[in-house]
Amino acid sequence: MQKKVNAVRAFDPSSIEKPHGLTGFAWPAEFKDGAPWDLEIGCGVGWHPIKYAIDNPSRRLIAVEHTREKFESFQGRVFKHAQLKNLLPIHADAIRWVTHAIPAGSLDRIFLLYPNPEPKAANKRWLRMPFFQRLLETLAPGGTITLATNIESYFDEARVYGVEAWGLEIVGERRFNLATAPDEAPRTHFEKKYLERGETCFDVTFRKDRANLRP
Ligand SMILES: C[S@@+](CC[C@H](N)C(=O)[O-])C[C@H]1O[C@@H](n2cnc3c(N)ncnc32)[C@H](O)[C@@H]1O
(Lines give C-alpha, C1' and ligand atoms only; values in the text may rest on other atoms or scores of the structure.)
Protein backbone atom coordinates (compact mmCIF):
# COMPACT_ATOMS: atom_id res chain seq x y z
CA MET A 1 0.00 0.00 0.00
CA GLN A 2 2.08 2.97 -1.18
CA LYS A 3 -0.58 5.44 -2.29
CA LYS A 4 -0.72 8.83 -0.66
CA VAL A 5 -3.81 9.65 1.39
CA ASN A 6 -5.06 13.20 0.98
CA ALA A 7 -6.96 14.74 3.88
CA VAL A 8 -10.73 14.31 3.59
CA ARG A 9 -12.70 17.40 4.62
CA ALA A 10 -14.89 17.09 7.73
CA PHE A 11 -18.50 16.26 6.94
CA ASP A 12 -20.99 19.13 7.26
CA PRO A 13 -24.54 17.72 7.37
CA SER A 14 -26.04 21.22 7.04
CA SER A 15 -24.68 21.31 3.46
CA ILE A 16 -26.78 18.25 2.50
CA GLU A 17 -30.36 18.95 1.48
CA LYS A 18 -33.16 16.77 2.81
CA PRO A 19 -34.46 14.46 0.05
CA HIS A 20 -38.00 15.22 -1.20
CA GLY A 21 -39.22 11.66 -0.65
CA LEU A 22 -38.51 11.84 3.08
CA THR A 23 -41.52 13.98 3.93
CA GLY A 24 -44.15 11.59 5.26
CA PHE A 25 -41.77 8.61 5.14
CA ALA A 26 -42.32 5.95 7.83
CA TRP A 27 -40.24 2.83 8.33
CA PRO A 28 -42.22 -0.31 7.41
CA ALA A 29 -43.24 -2.52 10.36
CA GLU A 30 -40.71 -5.20 9.32
CA PHE A 31 -37.92 -2.68 9.91
CA LYS A 32 -39.02 -2.09 13.49
CA ASP A 33 -38.93 -5.67 14.77
CA GLY A 34 -35.30 -5.64 15.96
CA ALA A 35 -33.85 -7.57 12.99
CA PRO A 36 -30.42 -6.36 11.76
CA TRP A 37 -30.37 -3.68 9.05
CA ASP A 38 -28.09 -3.55 6.00
CA LEU A 39 -27.73 -0.90 3.28
CA GLU A 40 -26.85 -1.08 -0.40
CA ILE A 41 -25.98 2.13 -2.24
CA GLY A 42 -26.27 2.34 -6.04
CA CYS A 43 -28.01 -1.02 -6.49
CA GLY A 44 -28.81 -0.40 -10.19
CA VAL A 45 -31.56 -2.68 -11.50
CA GLY A 46 -31.53 -4.66 -8.27
CA TRP A 47 -30.09 -8.13 -8.84
CA HIS A 48 -28.05 -8.11 -5.65
CA PRO A 49 -30.64 -6.65 -3.26
CA ILE A 50 -33.36 -9.06 -4.39
CA LYS A 51 -31.18 -12.16 -4.10
CA TYR A 52 -29.73 -10.92 -0.82
CA ALA A 53 -33.19 -10.32 0.65
CA ILE A 54 -34.34 -13.78 -0.47
CA ASP A 55 -31.22 -15.45 0.94
CA ASN A 56 -31.33 -13.49 4.22
CA PRO A 57 -34.96 -13.48 5.39
CA SER A 58 -33.98 -12.61 8.96
CA ARG A 59 -32.16 -9.44 7.88
CA ARG A 60 -33.53 -6.14 6.53
CA LEU A 61 -32.00 -4.46 3.47
CA ILE A 62 -32.40 -0.83 2.43
CA ALA A 63 -31.40 -0.48 -1.24
CA VAL A 64 -30.92 3.00 -2.69
CA GLU A 65 -30.70 3.89 -6.39
CA HIS A 66 -30.95 7.40 -7.82
CA THR A 67 -31.20 6.85 -11.58
CA ARG A 68 -34.92 6.78 -12.34
CA GLU A 69 -34.93 4.14 -15.13
CA LYS A 70 -32.77 1.79 -13.07
CA PHE A 71 -34.87 2.31 -9.97
CA GLU A 72 -38.08 1.63 -11.92
CA SER A 73 -36.64 -1.58 -13.30
CA PHE A 74 -35.55 -2.58 -9.76
CA GLN A 75 -38.94 -1.73 -8.29
CA GLY A 76 -40.71 -3.69 -11.06
CA ARG A 77 -38.68 -6.74 -10.06
CA VAL A 78 -39.46 -6.21 -6.37
CA PHE A 79 -43.20 -6.12 -7.15
CA LYS A 80 -42.86 -9.61 -8.66
CA HIS A 81 -41.55 -10.81 -5.29
CA ALA A 82 -44.44 -9.59 -3.16
CA GLN A 83 -43.27 -11.69 -0.22
CA LEU A 84 -40.04 -9.66 0.07
CA LYS A 85 -41.04 -7.55 3.05
CA ASN A 86 -37.42 -7.38 4.24
CA LEU A 87 -36.30 -5.26 1.26
CA LEU A 88 -36.93 -1.51 1.18
CA PRO A 89 -36.25 0.06 -2.26
CA ILE A 90 -35.51 3.79 -2.07
CA HIS A 91 -35.38 6.11 -5.06
CA ALA A 92 -33.02 8.88 -3.92
CA ASP A 93 -29.54 10.28 -3.87
CA ALA A 94 -28.01 8.10 -1.16
CA ILE A 95 -25.96 10.98 0.21
CA ARG A 96 -29.09 12.95 1.00
CA TRP A 97 -31.16 9.97 2.10
CA VAL A 98 -28.57 8.37 4.35
CA THR A 99 -27.67 11.73 5.91
CA HIS A 100 -31.25 12.52 6.88
CA ALA A 101 -32.98 9.16 7.31
CA ILE A 102 -30.62 6.55 8.73
CA PRO A 103 -29.99 6.68 12.48
CA ALA A 104 -26.41 6.52 13.77
CA GLY A 105 -25.20 3.03 14.70
CA SER A 106 -28.18 1.31 13.06
CA LEU A 107 -26.52 -0.69 10.24
CA ASP A 108 -24.62 -3.98 10.30
CA ARG A 109 -23.48 -4.18 6.69
CA ILE A 110 -23.08 -1.68 3.87
CA PHE A 111 -22.58 -2.66 0.21
CA LEU A 112 -21.02 -0.43 -2.45
CA LEU A 113 -20.98 -2.75 -5.44
CA TYR A 114 -19.32 -1.45 -8.60
CA PRO A 115 -19.74 2.26 -7.85
CA ASN A 116 -18.92 4.75 -10.59
CA PRO A 117 -15.10 4.98 -10.45
CA GLU A 118 -15.12 8.76 -11.04
CA PRO A 119 -11.83 8.75 -12.99
CA LYS A 120 -11.81 12.54 -13.33
CA ALA A 121 -13.24 13.47 -9.92
CA ALA A 122 -11.31 11.70 -7.19
CA ASN A 123 -13.16 13.65 -4.51
CA LYS A 124 -16.43 12.01 -5.59
CA ARG A 125 -15.17 8.48 -4.87
CA TRP A 126 -16.97 7.12 -1.81
CA LEU A 127 -13.98 6.79 0.51
CA ARG A 128 -12.69 10.22 -0.44
CA MET A 129 -15.92 12.06 0.25
CA PRO A 130 -16.68 13.84 3.56
CA PHE A 131 -20.01 11.95 3.44
CA PHE A 132 -18.09 8.73 4.17
CA GLN A 133 -17.80 9.99 7.76
CA ARG A 134 -21.61 10.03 8.00
CA LEU A 135 -21.81 6.63 6.33
CA LEU A 136 -19.49 5.22 9.00
CA GLU A 137 -21.62 6.80 11.72
CA THR A 138 -24.62 4.81 10.50
CA LEU A 139 -22.64 1.60 11.00
CA ALA A 140 -22.75 -0.15 14.38
CA PRO A 141 -19.35 -0.93 15.97
CA GLY A 142 -18.08 -4.11 14.34
CA GLY A 143 -20.23 -3.46 11.25
CA THR A 144 -18.77 -3.96 7.77
CA ILE A 145 -18.55 -2.14 4.43
CA THR A 146 -17.97 -4.14 1.26
CA LEU A 147 -16.81 -2.40 -1.90
CA ALA A 148 -16.47 -4.14 -5.27
CA THR A 149 -14.89 -2.81 -8.46
CA ASN A 150 -13.35 -3.96 -11.73
CA ILE A 151 -10.64 -1.28 -11.51
CA GLU A 152 -7.53 -2.32 -9.63
CA SER A 153 -6.34 1.23 -8.92
CA TYR A 154 -9.73 2.07 -7.38
CA PHE A 155 -9.52 -1.09 -5.25
CA ASP A 156 -5.99 -0.16 -4.10
CA GLU A 157 -7.01 3.40 -3.33
CA ALA A 158 -10.10 2.31 -1.39
CA ARG A 159 -8.02 -0.08 0.73
CA VAL A 160 -5.52 2.67 1.58
CA TYR A 161 -8.20 5.25 2.41
CA GLY A 162 -10.21 2.71 4.41
CA VAL A 163 -7.26 1.92 6.64
CA GLU A 164 -5.36 5.20 6.77
CA ALA A 165 -8.01 7.90 6.48
CA TRP A 166 -10.84 6.11 8.28
CA GLY A 167 -9.14 3.70 10.68
CA LEU A 168 -10.97 0.65 9.33
CA GLU A 169 -9.72 -2.90 9.48
CA ILE A 170 -9.63 -5.00 6.30
CA VAL A 171 -11.33 -8.31 7.11
CA GLY A 172 -11.52 -9.76 3.61
CA GLU A 173 -10.39 -9.10 0.06
CA ARG A 174 -10.67 -10.97 -3.21
CA ARG A 175 -9.52 -10.79 -6.83
CA PHE A 176 -11.42 -13.08 -9.15
CA ASN A 177 -12.21 -13.70 -12.79
CA LEU A 178 -13.68 -16.50 -14.88
CA ALA A 179 -10.34 -18.32 -14.99
CA THR A 180 -9.78 -18.26 -11.22
CA ALA A 181 -13.42 -18.66 -10.21
CA PRO A 182 -15.27 -20.33 -13.10
CA ASP A 183 -18.23 -21.22 -10.88
CA GLU A 184 -18.61 -17.73 -9.41
CA ALA A 185 -22.24 -16.62 -9.78
CA PRO A 186 -22.25 -12.88 -10.55
CA ARG A 187 -23.89 -10.84 -7.80
CA THR A 188 -24.75 -7.83 -9.91
CA HIS A 189 -25.48 -6.80 -13.48
CA PHE A 190 -22.12 -5.02 -13.77
CA GLU A 191 -20.20 -7.90 -12.20
CA LYS A 192 -21.70 -10.23 -14.81
CA LYS A 193 -20.69 -7.87 -17.62
CA TYR A 194 -17.10 -7.54 -16.37
CA LEU A 195 -16.60 -11.27 -15.77
CA GLU A 196 -18.02 -12.14 -19.21
CA ARG A 197 -15.58 -9.65 -20.77
CA GLY A 198 -12.75 -11.61 -19.13
CA GLU A 199 -11.94 -8.85 -16.65
CA THR A 200 -10.80 -9.33 -13.07
CA CYS A 201 -13.10 -8.12 -10.30
CA PHE A 202 -11.93 -7.00 -6.86
CA ASP A 203 -13.66 -6.67 -3.55
CA VAL A 204 -12.69 -5.59 -0.09
CA THR A 205 -14.56 -5.75 3.19
CA PHE A 206 -13.73 -3.33 6.00
CA ARG A 207 -14.80 -3.59 9.61
CA LYS A 208 -15.54 -0.63 11.81
CA ASP A 209 -13.81 -0.81 15.14
CA ARG A 210 -15.04 1.65 17.74
CA ALA A 211 -11.53 2.19 19.13
CA ASN A 212 -10.19 3.38 15.78
CA LEU A 213 -12.95 5.78 14.85
CA ARG A 214 -11.91 9.38 14.52
CA PRO A 215 -13.94 11.80 16.67
C1 LIG B 1 -21.88 1.34 -12.17
S2 LIG B 1 -23.51 1.24 -11.57
C3 LIG B 1 -23.53 -0.30 -10.66
C4 LIG B 1 -24.92 -0.79 -10.41
C5 LIG B 1 -24.99 -2.10 -9.61
N6 LIG B 1 -24.44 -1.95 -8.28
C7 LIG B 1 -24.30 -3.21 -10.34
O8 LIG B 1 -23.20 -3.59 -9.91
O9 LIG B 1 -24.85 -3.70 -11.33
C10 LIG B 1 -23.49 2.44 -10.26
C11 LIG B 1 -24.89 2.80 -9.78
O12 LIG B 1 -24.82 3.67 -8.65
C13 LIG B 1 -25.87 4.60 -8.77
N14 LIG B 1 -25.49 5.75 -7.94
C15 LIG B 1 -24.39 6.52 -8.09
N16 LIG B 1 -24.38 7.49 -7.15
C17 LIG B 1 -25.48 7.30 -6.39
C18 LIG B 1 -26.03 7.99 -5.28
N19 LIG B 1 -25.42 9.07 -4.75
N20 LIG B 1 -27.18 7.54 -4.74
C21 LIG B 1 -27.81 6.45 -5.26
N22 LIG B 1 -27.36 5.78 -6.33
C23 LIG B 1 -26.20 6.20 -6.88
C24 LIG B 1 -25.96 4.89 -10.25
O25 LIG B 1 -27.22 5.42 -10.62
C26 LIG B 1 -25.73 3.50 -10.83
O27 LIG B 1 -26.93 2.79 -10.98
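Scroll up to find the structure this text is about.
Residues numbered from 1 in each chain as written. Predicted model: local features only at pLDDT ≥ 70, side-chain atom pairs only at ≥ 80, totals over all residues.

(A) Molecular detail of the overall build of the protein chain. A count of helical and extended segments in the protein chain gives 6 helices and 7 strands. Overall, the protein chain shows an N-to-C arrangement of helices and strands of β-α-β-α-β-α-β-α-β-α-β-α-β. Over its C-alpha trace the protein chain gives a radius of gyration of 17 Å, about what one expects of a compact globule, namely 17 Å for 215 residues. With respect to the principal axes defined by its C-alpha atoms, the protein chain has extents near 45 × 45 × 30 Å. Taken across its 215 residues, the protein chain has 36% of its residues classed as buried. Look at the contacts in the protein chain between residues 6 or more apart in sequence, and 78% of them connect residues 24 or more apart. (Helix = DSSP H or I, 4+ residues; strand = E, 2+ residues; numbered from the N terminus. Rg over C-alpha atoms; globule rule 2.2 N^0.38 Å. Buried ≥ 20, exposed ≤ 12 C-beta atoms within 10 Å, placed from the backbone. Contact = placed C-beta atoms within 7 Å.)

(B) Structural detail: the site of the ligand. Neighbouring residues of the ligand: 20 residues in total, closest Gly-42, Gly-44, Ala-94, Thr-188 and Phe-190. Counting residues per element, the ones that place at least two in the shell around the ligand are β2 (60-65), α3 (94-101) and α6 (189-196). Top element by residues in the shell around the ligand is α6. It accounts for 3 residues. (Near = placed C-beta within 6 Å.)

(C) Molecular detail of the packing of α3 against helix α4 (residues 131-138). Their axes nearest at 10 Å, the elements α3 and α4 cross at an angle of 45°. In terms of orientation, α3 and α4 fall into the oblique class. The interaxial crossing formed by α3 with α4 has left-handed handedness. Here Ile-95, Val-98 and Thr-99 of α3 lie close against α4, whose contacting residues are Phe-131, Arg-134, Leu-135 and Thr-138. Split by residue class, the contact of α3 with α4 holds 4 nonpolar, 2 polar and 1 charged. (Axes fitted to C-alpha atoms, helices over the stretch in contact; angles between N-to-C directions. Parallel < 35°, antiparallel > 145°, perpendicular 65-115°, else oblique. Left-handed = near helix turned anticlockwise from the far one by under 90°. Nonpolar A, V, L, I, M, F, W, Y, C, P; charged D, E, K, R; others polar.)

(D) The arrangement of the pairing of strand β7 (residues 201-207) in detail. Across the 7 residues of β7, 6 count as buried, placing the element largely inside the fold. Pairing geometry for strand β5 (residues 139-149) and β7, over 6 bridges, is antiparallel. Residue pairing for β7: Leu-147 is matched across the bridge by Val-204. Sheet analysis places strand β6 (residues 169-176) next to β7, joined by 7 bridges and oriented antiparallel. Paired with Gly-172 across the two strands is Thr-205, which belongs to β7. (Pairing = 2+ DSSP bridges.)

(E) View of helix α5 (residues 152-165). For α5, which comprises 14 residues, the first-to-last C-alpha distance of 19 Å matches the rise-based estimate of 20 Å (1.5 Å per residue) to within 8%. Every buried residue of α5 is accounted for by Tyr-154, Phe-155, Glu-157, Ala-158, Arg-159, Tyr-161 and Gly-162. In this fold, the buried residues of α5 make contact with β5, β6 and β7. A positive backbone phi angle near 65° is found at Gly-167, which sits one or two residues after α5. (Expected span 1.5 Å × (residues − 1).)

(F) Summary view of the sheet that holds strand β3 (residues 87-91). Strand order across the open sheet formed by 7 strands is β3-β2-β1-β4-β5-β7-β6, with mixed pairing between neighbours. The open sheet has two edge strands, β3 and β6, and neither has a second partner. Within the sheet, the average angular offset between the axes of one strand and its neighbour, ignoring direction, is 15°. Against the sheet, helix α2 (residues 68-80) contacts β2 and β3, and its axis sits at roughly 155° relative to β3.

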